[in-house]
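# Notes for the structure review
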Amino acid sequence: GEDVEQSLFLSVREGDSSVINCTYTDSSSTYLYWYKQEPGAGLQLLTYIFSNMDMKQDQRLTVLLNKKDKHLSLRIADTQTGDSAIYFCAENNYGQNFVFGPGTRLSVLP
Amino acid sequence: NAGVTQTPKFQVLKTGQSMTLQCAQDMNHNSMYWYRQDPGMGLRLIYYSASEGTTDKGEVPNGYNVSRLNKREFSLRLESAAPSQTSVYFCASSVTWGSREEQYFGPGTRLTVT
């Protein structure tokens with residue numbers, strides 16, 4: 001079945017850029033998503049990218065999609081302590097269920 | 001507009017006890033979901049309901065039952081809790097914009113089975 005992989009941990013210094021990576025197996029994915037989970041809370045949609053795009057920018061967030069390699073990344077510029085959270089990559093094909101990765105725990109060091 | 005709400009927030013059960021996790025959404029969404037979240041495993045789909053009156057199994061349905069009571073409410077029942085069901089449970093609802101689906105999550109229920 002479909003699978004989504006992410007590294008489990010990432011530490012960065014405040015003010016640096018963070019890059020969270022994700023690989024997926026379903027080449028027919030229509031949309032790919034990034035969700036953020038803060039401690040004790042549910043997941044919140046951060047951003048998404050349509051599968052025929054290769055980049056999307058939204059303020060401090062940049063999503064890059066390499067469809068050939070099935071690789072998705074989320075770059076957070078000027079990372080702040082409030083960005084400390086778990087980030088989930090997810091893929092979805094229209095009419096089918098979401099498949100989530102295991103989540104990357106981002107720690108921002110002062 | 002509260003979004004997706006879940007009760008309770010925390011629960012401790014003994015092995016063999018039963019309980020129902022409640023979920024409600026006020027966004028008039030057709031589709032609702034129950035996920036469990038375990039460390040290093042991401043979210044796994046337990047059951048989903050594409051519309052009022054329908055429910056379907058997800059990836060890990062064993063040991064659970066669901067009821068789509070009406071369009072707003074989707075409950076998850078554990079008939080005989082087991083320690084393997086210790087997890088954080090999330091309810092979600094979704095809306096579709098063309099070919100894109102957007103899921104909204106509740107705050108979660110942290111369940112411990114001893």
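Please refer to the structure placed before this passage.
Residues numbered from 1 in each chain as written. Chains lettered and ligands numbered in written order. Predicted model: local features only at pLDDT ≥ 70, side-chain atom pairs only at ≥ 80, totals over all residues. Heavy atoms only, no water.

### Observations concerning the state of the cysteines
Selection criterion: Cysteine sulfur atoms that come within 2.5 Å of each other are treated as a disulfide pair. Only runs of H or I of at least four residues qualify as helices and only runs of E of at least two qualify as strands under DSSP, and these elements are numbered from the N terminus. Each residue gets one of three labels from its accessible area relative to the maximum for its type: buried under 20%, exposed over 50%, partly exposed in between, using a 1.4 Å probe on protein chains only.
Following the criterion strictly, the structure yields two disulfides over all chains and no others. Each sulfur of the disulfide joining Cys22 of chain A and Cys89 of chain A lies 2.0 Å from the other. One quick way to see it: the torsion about the S-S bond of Cys22 of chain A and Cys89 of chain A is about -65°, and its sign makes the bridge left-handed. With Cys22 of chain A in strand β3 (residues 18-24) and Cys89 of chain A in strand β9 (residues 85-92), this residue pair connects regions lying 67 residues apart in the sequence. We classify Cys22 of chain A as buried; its relative accessible area is 0%. Covalent S-S linkage joins Cys23 of chain B and Cys91 of chain B, the inter-sulfur distance amounting to 1.8 Å. Given an S-S torsion of about -70°, the disulfide between Cys23 of chain B and Cys91 of chain B has left-handed geometry. Here Cys91 of chain B lies in strand β9 (residues 87-97) and Cys23 of chain B lies in strand β3 (residues 19-25), a separation of 68 residues in the sequence. The exposure classification of Cys23 of chain B matches that of Cys91 of chain B, with both residues buried.

### Digging into the interface of chain A and chain B
This is how it is decided: Throughout, a contact is declared for two residues whenever any of their heavy atoms are within 4.5 Å. Buried area adds together the accessible area that both of two parts lose upon being put together, with accessible area traced by a 1.4 Å probe. Salt bridge, as applied in this entry: a Lys or Arg side-chain nitrogen positioned within 4 Å of an Asp or Glu carboxyl oxygen. Counted as a polar contact is a pair of N or O atoms within 3.5 Å, where, for protein atoms, one must be capable of donating a hydrogen and the other of accepting one, and residues adjacent in sequence contribute only when both atoms are in side chains.
Between chain A and chain B, the contact holds 21 residues from the first and 20 residues from the second. Of the roughly 1,600 Å² buried between chain A and chain B, counting both surfaces, carbon and sulfur atoms make up 57%. Considering only the side of chain A, the residues that lose the most area to chain B are Leu43, Asn97 and Phe100 of chain A, jointly responsible for 29% of the buried surface there. There are zero salt bridges connecting chain A and chain B. Counting the contacts that link chain A with chain B gives three residue pairs in polar contact (both at pLDDT 80 or more). Every element with two or more residues in the side of chain A that touches chain B is listed here: β4 (31-37), β5 (43-50) and β9 of chain A. Of the residues forming the side of chain A that touches chain B, the biggest block, four residues, is contributed by β4 of chain A.

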